[in-house]
Amino acid sequence: MHIRSATFAAAVAVCSPGASAALAANAVGQPDDLLKRAEAERPDFLATLEQLVSVDTGTGHGPGLSKVEVILTERLKALGADVRVTDAKPSTGRNIVGTLKGQGEAKFLLMVHYDTVFPEGTVAERPFRVEGERIRGPGVADAKGGLAVILHSLKLLQDAKFDRYGTITILFNPDEEMGSRGSRDTIAELAARQDYVFSYEPPDSDAVTVATNGINTVFLDVKGRASHAGSAPEEGRNAVTELAHQLVQLKDLGDPAKGTTVNWTVAKGGDKRNIIPAQASAEGDMRYSDLAEYDRVLADGKRLIRNTLIPDTQVEFRIEKGRPPLVKNPGSDRLAGLAHDIYAKTGRDLKPVAMRFGTDAGYAYDPKNPRPAILETMGLVGAGLHSPEEYAEMSSIAPRLFLTSSLIMELSQTGTAKTE
């Protein structure tokens, strides 16, 4: 295992705010000039954002995803990136991977999705618009704002003729809103080669995310026996009644102390009012940040279902793994500290936070490897996600461009000594 010790030493220096501030000033050279360039980038940034938001790209909407794919591919090539595009099967759309090669050693992955949750026709109903300090439109924050932050941060580096990084890899994927089934392997493979991964989901305040929840699905299936509900109910074995009993038993599978939640959200059973139901099932949502909770919840569930209410019924409990968590870890914490000191140059206070939702950062995280260090919610500040009220904050454009470009500059210039 190779760890870039000098690069990580820079991040460790954030334990001393004064030392980190000095590092930032030396690495960036003239941070005030970079911030001014980021502020001057706003008109072009807004033009890019409007172009992206003005295309419907709901997950699975092939024509819209293809149109934005062309836009993003052309933009990456214009920045000098080598670009390859691959199918994201079984999802609709394609993964876009761009690579910029520099003269240094530090390796970065910048990633975000270009699909949204909104159906075809939403752009016509709610087009891109600026209302005071808020930018509105479908997906403006989640995550087309993140796409624009990546593109224009790279432009700032290009304008500054900065190439002291080793490689910057960019991944735009088309299926995050439906679990990233066609991109999660690509994310994991690319991340394993990096020193740093920045993911561009939107924060709801001046923050970067150092931990996210994992998402699993829990299933409960009951098999009983059908019979006539009027003339021979005693011959049946009511699967719905047994399901209700099991749901009550399993309602406390979560663990608030560990941040684990298990909520049963869908239940089905029976076909006709006059038939004792032979089948019943339920599904639920599991959120967790402790990797050991998968095994614990599975074992507890299997133990509890042994206690049945209706004789001769068969009960099965299982968990289907989904998006893994970005577990709180030292690498992300140190990187967030460095980001805090850099962001302070914009006059803002950047906070490290843990989020309850799950993101693609979980696929980039390897609990067995200290590399890469990962930061999530590097995109535009915004709120109202997945709703008609979604917006991004105009005032976050320059600070967010400054943050990405400064982090890449600093982490690229602090040295790349290697140790086993």
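Above this note sits the structure.
Residues numbered from 1 in each chain as written. Predicted model: local features only at pLDDT ≥ 70, side-chain atom pairs only at ≥ 80, totals over all residues. Heavy atoms only, no water.

J.: Explain the packing of aromatic side chains here, please?
T.: Here the distance between the centres and the angle between the planes together describe a pair of aromatic rings. All chains considered together, the criterion is met by four aromatic pairs. Between the aromatic rings of F108 and Y196, the centroid separation amounts to 5.3 Å while the plane-to-plane angle is 25 degrees, which identifies the pairing as stacked. Separated by 88 residues along the polypeptide, F108 in strand 4 (residues 107-113) and Y196 in strand 8 (residues 196-199) bring together distant segments of the chain. By the burial criterion, F108 is buried, and Y196 matches it. In this structure an aromatic cluster arises from ring pairing among F108, Y196 and F198. In this structure, R126 packs its charged tip against the face of F118, placed 5.0 Å from the ring centre. (Phe/Tyr/Trp six-rings, centres within 6.5 Å; stacked < 30°, edge-to-face > 60°. Helix = DSSP H or I, 4+ residues; strand = E, 2+ residues; numbered from the N terminus. Buried < 20%, exposed > 50% of the residue type's maximum accessible area, 1.4 Å probe, protein only. Lys NZ or Arg CZ within 6 Å of the ring centre and 35° of its normal.)

J.: Just checking my understanding: could you explain the pattern of salt bridges for this structure?
T.: Once the charged atoms of two side chains with opposite charge are near each other, the side chains can pair. One pass over the full model with this rule turns up 19 salt bridges. The residue R237 makes a salt bridge to D312 at a minimum N-O spacing of 3.3 Å. Here R237, found in the loop between strand 11 (227-228) and helix 9 (239-249), pairs with D312, found in the loop between helix 10 (293-304) and strand 15 (314-321); they are 75 residues apart in sequence, far enough to count as distant. A relative accessible area of 18% means that R237 is categorised as buried. When the shortest N-O distance is used, the salt bridge between D300 and R303 registers 3.5 Å. Of this pair, D300 and R303 both sit in helix 10, three residues apart, which is roughly one turn of the helix. Look at D300 and you get partly exposed, because its relative accessible area is 21%. On the basis of relative accessible area, R303 is assigned to the partly exposed category, the value being 44%. (Salt bridge = Lys/Arg side-chain N within 4 Å of Asp/Glu carboxyl O.)

J.: Help me understand empty space enclosed by the protein in this model?
T.: With a probe scaled to a water molecule rolled over the atoms, the places where space remains empty come into view. Evaluation of the coordinates by the stated rule reveals one cavity of 30 Å³ or more. Lining the largest cavity we find V53, V55, D56, T57, T116, F118, T122, V123, P138 and K144. (1 Å grid on protein atoms, 1.4 Å probe; cavity = no way out; pocket = protein on both sides within 12 Å on 5 of 7 lines; lining within 4 Å. Points joined across faces, edges and corners; volume = space filled by probe spheres on them.)

J.: How should I be thinking about the side chain of D142 in this particular structure?
T.: Looking at where D142 falls in the secondary structure, it is placed in the loop between strand 6 (134-136) and helix 7 (144-159). Although D142 lies buried, it forms no salt bridge, and the closest oppositely charged side chain, R323, sits 9.6 Å away as judged by the N-O distance. Discounting chain neighbours no more than four positions away, the residues touching D142 are H113, D115, T116, E177, E201, P202, L385, H386 and E390. (Lys, Arg positive; Asp, Glu negative; His and termini not counted. Contact = heavy atoms within 4.5 Å.)

J.: It is not clear to me how the sheet that holds strand 14 (residues 279-288) should be interpreted in this structure. Could you clarify?
T.: Paired through their backbone hydrogen bonds, the strands of a sheet run either parallel or antiparallel. One open sheet accounts for four strands, arranged 12-14-10-15; its pairing is antiparallel. The open sheet terminates on both sides in strands that have one partner only, identified here as strand 12 (261-269) and strand 15. Across this sheet, the average inter-strand angle for adjacent strands is 20 degrees, counted without regard to direction. One ladder, built from 10 bridges, connects strand 10 (residues 214-223) with strand 14; its direction is antiparallel. Among the inter-strand pairings, T217 is bridged to a residue of strand 14, identified as D285. (Pairing = 2+ DSSP bridges. Axes fitted to C-alpha atoms, helices over the stretch in contact; angles between N-to-C directions.)

Shape descriptors only; they carry no functional weight alone.
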